[in-house]
Amino acid sequence: MKWPNLKHLHYLVSLHQEQHFHRAAQHCHISQSTLSTAIQNLEEQFGTQLLERDHKNFVFTPFGLELVERSKVLLTDAHELVDFAQSAGNWQAGKLKLGVIPTIAPFLFEGLIAQIHQNLPDINLQLQEDTTANLLSQLNEGALDLLILALPMETPGCKQLVIGHDPFHLIAHSDLVPTLPIPLDVSALPKESIFLLQQEHCMTGHAVSACGLSYKEQVSSLSASSLYTLVQLANSKLGFTFMPELAIKHHILKSTPLVSMPAEDKAYREIGLVWRTGTTRVRLFRYLANLLAPLMPIPTLER
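Our subject in this report is the structure included herewith. (Residues numbered from 1 in each chain as written. Predicted model: local features only at pLDDT ≥ 70, side-chain atom pairs only at ≥ 80, totals over all residues. Heavy atoms only, no water.)

## Side note on the packing of aromatic side chains
Operational definition: Note on aromatic pairs: the rings of Phe, Tyr and Trp (six-membered ring only in Trp) are paired at centre separations within 6.5 Å, and the planes decide the class, stacked below 30 degrees, edge-to-face beyond 60, tilted for the rest. Think of it in three bands: with a 1.4 Å probe and only protein chains considered, a residue is buried below 20% of the maximum accessible area for its type, exposed above 50%, and partly exposed in between.
As enumerated under the stated definition, the model contains six aromatic pairs in all. Taking the centre distance of 6.1 Å and the plane angle of 70° together, the rings of Phe-58 and Phe-60 count as edge-to-face. Comparing Phe-58 with Phe-60 shows no difference in burial state: the two are buried.

## Quick notes on the pattern of salt bridges
What counts, and what does not: Counted as salt bridges are all cases of a side-chain nitrogen of Lys or Arg within 4 Å of a carboxyl oxygen of Asp or Glu. Helix and strand labels come from DSSP, where a helix needs a run of H or I of at least four residues and a strand needs a run of E of at least two; each type is numbered from the N terminus.
A complete count under the given rule lists nine salt bridges for this structure. Across the pair Glu-69 and Lys-72 runs a salt bridge, and its minimum N-O distance is 3.5 Å. Of the two residues, Glu-69 and Lys-72 are both situated in helix α4 (residues 62-86); the distance of three residues between them amounts to about one turn of the helix. For Glu-141, the salt bridge identified is with Lys-72, shortest N-O distance 3.9 Å. Taken together, the residues span a long stretch of sequence, with Glu-141 in the loop between α6 (132-140) and β5 (146-151) and Lys-72 in helix α4 at a distance of 69 residues.

## Overview of the packing of helix α2 (residues 21-28) against helix α3 (residues 32-46)
The condition is simple: Axis definition: a line fitted to C-alpha atoms, over the contacting stretch in the case of helices. Angles run 0 to 180 degrees between N-to-C directions. Here is the rule for angles: anything less than 35 degrees is roughly parallel, anything more than 145 is roughly antiparallel, 65 through 115 is roughly perpendicular, and the remaining ranges are oblique. Here, two residues are considered to be in contact whenever any of their heavy atoms come within 4.5 Å of each other. Side-chain classes follow a simple rule in which Ala, Val, Leu, Ile, Met, Phe, Trp, Tyr, Cys and Pro form the nonpolar group, Asp, Glu, Lys and Arg form the charged group, and the remainder, Gly included, forms the polar group.
Interaxial distance between α2 and α3 falls to 8 Å at its minimum, and their mutual angle equals 100°. On the basis of the axis angle, α2 is roughly perpendicular to α3. On α3, the residues touching Phe-21, His-22, Ala-24 and Ala-25 of α2 are Gln-32, Leu-35 and Ser-36. Looking at the contact of α2 with α3 residue by residue, the class counts come to four nonpolar, three polar and no charged.

In structure tokens:
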């Protein structure tokens, strides 16, 4: 049997992602007729239908969906093979596509870039900031090589390596500090008084879990899109919020009247690296983990 064309498999995956022939063709920088021909060639080669077509609409057949998933794995391996060849087998060289979530990225990028430039000068680092769900999707599709995420988090098909603990702090305006219960008891705070990030940010789930927010009525219906917005909400004196120590150490509260207090029971989130199971770059990722650990509020690895 003739081997399938990798470009054609790439076109198939893009069509599945876009669910539209014209957009998929634009994404692949080809004409729509070239895309259609490639799909037809794959159908002829495998001897079975990949799409059910109805005028301008289409749906993937069960075989087509399975081929898409298997093609993603094959294309990812092909990308790694090319990177390996371009770096002449040197694990300390080549392109590294790294994704980081927004509640970590602003406070880690400077130190991360400095460490890589100093210790891995032949690594071509490409950074992307996005939500956990989007980053995991891109990792599994091969668009990213490595992630820095807040854990615990389910990451099917991937390996995790915790590099540090990031304690949570309760943030309050200095004028509101005298109103807080002693000892600090989060469950005693007023209803609708705790500001958190929007649900797509995993830090909300980690804060709720780690800080024992079992009473949902305490959480305000007003949510924020970033840690910097949470600072402004806490500064309004309308309530309180939780902030990771990583952000506090990088002066997110500077020039504000806000006060940080350790959360109950030393609550924290974990920060770790996540990569695909089966990748050939584990040696690089573990080396990078040891470079990053000293940048953590509480390192869990020794350099």
